[in-house]
Amino acid sequence: MELAEERARLCATGRRMAETGLVSGSSGNISIRVGDLVAVTPGGVMLDRMEPADCPVVDLAGRVVEGGCKPSSETPMHLAIYETTDAAAVVHTHSTYGTVVAGVLTELPAIHYNVLLLGGPVRVAEYATYGTSELAANVRAALEGGRKAALMANHGGVALGNDLDEAYENARLLEWLCGVYVRAKTIGEPRVLTEEELARVVERFAM
């Protein structure tokens, strides 16, 4: 089976995402790139009930190389990200706090310095219908400048990494940051870190 190990890892990560609330039902999707091939979760299948054989393998043009199930409707977005970044894995979530923030803000501000681990304040890609080339282009624009995560207006979030573990952890961090911001708003106006304060954190990271 082509990319057998990667397809098994998609299933394991799908279960983790369901268990931690990053997705529910058949929402959300995951992919791993190996060279010119991409293993991706299938459309319309519960992420915590997938088997490796359910996960199709496509080429970078989106043509199915192996697998009987139809690729996720968001495959064009995954491929657009691989086209313009060095990512080896992409995780797309419909997590609660991420979706709340994506329905209100145009950017998740620096509520905590760990936003720097995602490349800085997280942009919210303009709304477009799911599964379209327009959404793929909007997400790609939101990730410009080395961002490792973006939110999608009235939709959810996306995170990438050098491997699937990193992409998953970046998705968890994005949801945590969104949760902190939403909870902070319930007791007052959140204090956002300034560019100068963030620059000092970058200096500390480099020590």
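Here's a quick rundown of the structure. Note that the coordinates shown come from a computational prediction; the quantities given were computed from them, not determined experimentally.

The subject of this paragraph is the pattern of salt bridges. Taken as a whole, this structure holds twelve salt bridges when the rule is applied. Of the charged contacts in the structure, one is a salt bridge between R7 and E66, with a shortest N-O distance of 2.7 Å. A residue pair is termed long-range when its members are at least 10 positions apart, and R7 in helix 1 (residues 4-19) and E66 in strand 4 (residues 64-66) qualify at 59 residues. Residue E66 is classed as partly exposed on the basis of its relative accessible area of 27%. For R16, the salt bridge goes to E169, with nearest N and O atoms at 3.6 Å. Taken together, the positions of R16 in helix 1 and E169 in helix 5 (residues 164-185) put the pair 153 residues apart, joining distant regions of the chain.

Within the element layout of this structure, S95 appears in the loop between strand 5 (89-93) and helix 3 (96-102). For S95, a relative accessible area of 4% translates into the label buried. A distance of 2.6 Å separates a polar atom in the side chain of S95 from a polar atom in the side chain of E175. Those residues in contact with S95 that sit more than four places away from it in its chain are G21, L22 and E175.

Within the secondary structure, V65 sits in strand 4. On the basis of relative accessibility, which here comes to 42%, the residue V65 falls in the partly exposed class. Taking the C-alpha atoms as reference, V65 lies 49 Å from R191; in sequence the two are 126 residues apart. In this view, V65 contacts L37, V57, V58 and D59; residues no more than four positions away in its chain are not counted.

Let us now look at helix 1. In a regular helix each residue adds 1.5 Å, so 16 residues correspond to 22 Å; helix 1 covers 23 Å between its end C-alpha atoms and thus fits that length. Turning to helix 1, its buried residues number three or more, namely E6, R7, L10, C11, T13, G14 and M17. Where helix 1 is buried, its residues meet strand 1 (29-34), strand 2 (37-40), strand 3 (57-59), strand 4, strand 5 and helix 5. Remark: G21 follows helix 1 within two positions and exhibits a positive phi of approximately 80 degrees.

What follows is about a nonpolar patch on the surface. A cluster of nonpolar side chains, Y113, L117 and F205, forms an exposed patch at the surface whose accessible area comes to about 290 Å². Inspection of the secondary structure assignment puts L117 in the loop between strand 6 (107-108) and strand 7 (122-125). In this structure L117 comes out as partly exposed when scored by relative accessible area, which is 42%.

Within a sheet, neighbouring strands are paired by backbone hydrogen bonds and run either parallel or antiparallel to one another. Spatially, 4-3-2-1-5-9-8-7-6 is the arrangement adopted by the nine strands of the open sheet, whose pairing is mixed. Of all the strands in the sheet, just strand 4 and strand 6 have a single pairing partner and so form its edges. Alignment of strand 6 against strand 7, held across two bridges, turns out to be antiparallel. Looking at the pairing, L108 lines up with V122 of strand 7. Set on the sheet, helix 2 (residues 75-84) makes contact with strand 1, strand 2, strand 3, strand 5, strand 8 (149-152) and strand 9 (156-161); between it and strand 1 the angle comes to about 40 degrees. Helix 5 contacts strand 1, strand 5, strand 6, strand 7, strand 8 and strand 9 of the sheet and is inclined by roughly 140 degrees relative to strand 9.

Definitions and limits used
Residues numbered from 1 in each chain as written. Predicted model: local features only at pLDDT ≥ 70, side-chain atom pairs only at ≥ 80, totals over all residues. Heavy atoms only, no water. Salt bridge = Lys/Arg side-chain N within 4 Å of Asp/Glu carboxyl O. Helix = DSSP H or I, 4+ residues; strand = E, 2+ residues; numbered from the N terminus. Buried < 20%, exposed > 50% of the residue type's maximum accessible area, 1.4 Å probe, protein only. Polar contact = N/O pair within 3.5 Å; in protein donor to acceptor, adjacent residues only side chain to side chain. Contact = heavy atoms within 4.5 Å. Expected span 1.5 Å × (residues − 1). Patch = residues over 30% accessible without salt bridge, like charges linked within 9 Å, V, L, I, M, F, W, Y side chains within 5 Å. Areas by Shrake-Rupley, 256 points an atom, 1.4 Å probe, with all protein chains shown as cover. Pairing = 2+ DSSP bridges. Axes fitted to C-alpha atoms, helices over the stretch in contact; angles between N-to-C directions.

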